[in-house]
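# Analysis of the macromolecular model
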Amino acid sequence: MTELHDATNVTNPEHAEHHIVTPRTYIFVFITLLIFTGLTVVAAYIDLGIFNPVVALAIASFKAVVVLLFFMHVKYQSRLIKLTVASGFFTFLVLTTLSLSDYISRAWGLW
Amino acid sequence: MDNVIQATHPPTHAIDHAEEHEHVFLPQHLHHFATEEQQREAGTFGMWLFLLTEIMFFGGMFFSYLVYRNWYYDAFAVASNQLSVPLGGTNTAVLITSGFFMALAVWASEMRKKGFLVICLLLTMLFGTVFIGIKGVEYHEKWEKHHIPGAHFDTAEFVNPHAYGINEEPLSPAAATKTQLFFSLYFLMTGIHAIHMMIGLGILVWLVFRAHRGDFTAGYVAPIENFALYWHFVDIVWLFLFPLLYLINRHPGR
């Protein structure tokens, strides 16, 4: 099959090797996620004022990134996949920012 | 640029070697892909495009949560404290465990361990089902307390919390009706999340059946891998739902 695969005919010849993530890594990730779940509960019972939701979201985002990188193998994928994933979250942030700026500039009394 | 290069290489292989061109059917390498790696990446890419639409789908709900939480913060904080942190926290751990076994299932499929793959998929299903069960217990409690938005919604616990032994600042009747918004979003977001899990459990039944037949332990990993992406994505949604819905303000009295 390799003689059919003309390397010059492929825009992006970099198809990631099939990387097999080991159970060791999965166990490590699993324990990390459980620890941070505990942390987020503990943090919620401490009065941090305005930083409570910030800490909660930071921990949730950290857990999400760990899941994305290791459970979902994004760390081991080609640049095409990495860019696809990043563009999705980036677009979500753009839409949120645009919608928020709309809401914030309308209902003055409520914010 | 690439088209030019392609034109200088007429596809002679198909004509010259027609008689020796056997059709070996490998599900992990269909004939319109140059290499197995290309097919695998195309599949992963397609799955991620689907998951991006899911980000947008859940994103809209997260956004409405953000707006209403800012507008009616007091009602949201009080209503949020009606949810059970032990049950929600347990469910988070249960879901992470389910995702862990799904990750192991991918490894088992890659290492061609059929028995272990089936066990991992069954454990994924087990923990997924436990999650739905705990969710059902929580929903039932809301049903009994009349905290499901609609004609029978009861704001008594929010207007007069001390009569119910709840250590919260009482809300005015007008503000207390806004707790319905919290519960609407709570049921919408956890409900859509639960529906995603039930669809996942349905697909898992089919995957277990095929895995038992040996479909995924001879080099063809894509269905397991792509389903794992879906399952982990649903996990991620919950990782955000848990702190946002259950842990808004757990130190009442400030």
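Refer to the structure presented above.
Residues numbered from 1 in each chain as written. Chains lettered and ligands numbered in written order. Predicted model: local features only at pLDDT ≥ 70, side-chain atom pairs only at ≥ 80, totals over all residues. Heavy atoms only, no water.

## Points about the overall build of chain B
- Helix and strand counts for chain B stand at ten helices and zero strands.
- Listed by position from the N terminus, the elements making up chain B come as α-α-α-α-α-α-α-α-α-α.
- Looking at chain B residue by residue over its 254 residues, the buried ones come to 52%.
- If you take every contact in chain B between residues at least 6 apart in sequence, the share linking residues at least 24 apart comes to 78%. (Helix = DSSP H or I, 4+ residues; strand = E, 2+ residues; numbered from the N terminus. Buried < 20%, exposed > 50% of the residue type's maximum accessible area, 1.4 Å probe, protein only. Contact = heavy atoms within 4.5 Å.)

## A few points about the side chain of Thr92(B)
- Within the secondary structure, Thr92(B) is located in helix 5 (residues 85-110).
- Here Thr92(B) falls in the buried class, since its relative accessible area comes to 1%.
- Apart from the residues within four sequence positions on either side, Thr92(B) is in contact with Thr37(A), Lys63(A), Trp238(B), Leu239(B) and Phe242(B).

## A word on the nonpolar core
- Met72(A), Trp48(B), Met102(B), Leu121(B), Phe182(B) and Phe183(B) are the most contacted members of the largest nonpolar core, which has 91 residues in total.
- The leading source of residues in this core is helix 10 (residues 222-246) of chain B, at 17 residues.
- Those residues in contact with Trp48(B), other than ones at most four positions away along the chain, are Leu68(A), Met72(A), Val74(A), Ile81(A), Thr84(A), Val85(A) and Leu229(B). (Core = buried A, V, L, I, M, F, W, Y, C linked by side-chain atoms within 4.5 Å.)

## A look at empty space enclosed by the protein
- As enumerated under the stated definition, the model contains three cavities of 30 Å³ or more in all.
- Its boundaries defined by the atoms lining it, the largest cavity holds a volume of some 120 Å³.
- Around the largest cavity, the lining comprises 15 residues; the ones closest to its centre are Asn52(A), Pro53(A), Ala56(A), Pro243(B) and Leu247(B).
- Per element, the largest residue contribution to the lining of the largest cavity is four residues, and it comes from helix 2 (residues 51-71) of chain A.
- Taken together, the residues of the lining of the largest cavity break down into ten nonpolar, four polar and one charged. (1 Å grid on protein atoms, 1.4 Å probe; cavity = no way out; pocket = protein on both sides within 12 Å on 5 of 7 lines; lining within 4 Å. Points joined across faces, edges and corners; volume = space filled by probe spheres on them. Nonpolar A, V, L, I, M, F, W, Y, C, P; charged D, E, K, R; others polar.)

## With respect to helix 3 (residues 36-71) of chain B
- An ideal rise of 1.5 Å per residue puts 52 Å on 36 residues; helix 3 of chain B measures up with 52 Å between its terminal C-alpha atoms.
- Remark: the principal bend of helix 3 of chain B, roughly 25 degrees, maps to Gly59(B). (Expected span 1.5 Å × (residues − 1). Bend = angle between axes of the 7 residues up to and from the residue.)

## Details of the interface of chain A and chain B
- Listed per partner, the contact involves 65 residues of chain A and 56 residues of chain B.
- Summed over both sides, the interface between chain A and chain B buries roughly 5,300 Å², with carbon and sulfur atoms accounting for 75% of that surface.
- Taken together, the connections running from chain A to chain B amount to zero salt bridges.
- Between chain A and chain B we count one residue pair in polar contact (both at pLDDT 80 or more) in total. (Buried area = accessible area lost by both parts, 1.4 Å probe. Salt bridge = Lys/Arg side-chain N within 4 Å of Asp/Glu carboxyl O. Polar contact = N/O pair within 3.5 Å; in protein donor to acceptor, adjacent residues only side chain to side chain.)

## Here's the deal with the side chain of Ser109(B)
Residue and element names in this part refer to chain B.
- Of note, Ser109 is situated in helix 5.
- Overall, Ser109 belongs to the buried group, its relative accessible area being 1%.
- Each residue touching Ser109, except ones within four places of it in the same chain, is listed here: Leu117, Phe216, Thr217, Tyr220, Val221 and Ile224.

## A short note on the packing of aromatic side chains
Residues and elements named next belong to chain B.
- Counting across every chain of the model gives 30 aromatic pairs over all chains.
- Seen in terms of ring centroids, Trp71 and Tyr72 are 6.3 Å apart; in terms of plane orientation they differ by 80 degrees. Their pairing is edge-to-face.
- When its relative accessible area of 18% is taken as the criterion, Trp71 is described as buried.
- Judged by centre distance (6.5 Å) and plane angle (10 degrees), the rings of Phe182 and Tyr186 are stacked. In this pair, Phe182 and Tyr186 both sit in helix 9 (residues 179-213), four residues apart, roughly one turn of the helix. Neither Phe182 nor Tyr186 differs from the other in exposure class; each is buried. (Phe/Tyr/Trp six-rings, centres within 6.5 Å; stacked < 30°, edge-to-face > 60°.)

## Structural notes on the environment of Ile20(A)
- Position of Ile20(A) among the secondary structure elements: in the segment before helix 1 (23-45).
- Relative accessible area serves as the criterion here: at 33%, Ile20(A) is assigned to the partly exposed category.
- It is 9.0 Å that separates the C-alpha atoms of Ile20(A) and His73(A), two residues lying 53 residues apart in sequence.
- In contact with Ile20(A), other than residues within four places in its own chain, are Trp107(B), Glu110(B) and Met111(B).

## Comments concerning the pattern of salt bridges
- Counted by the stated rule, this structure contains eight salt bridges over all chains.
- A salt bridge links Asp102(A) to Arg106(A); the nearest nitrogen and oxygen atoms lie 2.7 Å apart.
- One connected set of salt bridges, linked through shared partners, spans Glu141(B), Lys142(B), Lys145(B) and Glu157(B).

## Quick look at unusual backbone geometry
- The backbone of His73(A) shows a phi angle near 65 degrees, a positive value even though the residue is not glycine.
- Here His73(A) is to be found in the loop between helix 2 and helix 3 (79-104).
- Given a relative accessible area of 5%, His73(A) falls into the buried group.
- The phi angle at His146(B) is positive, at roughly 60 degrees, despite the residue not being glycine.

Nothing here speaks to function; it is all geometry.
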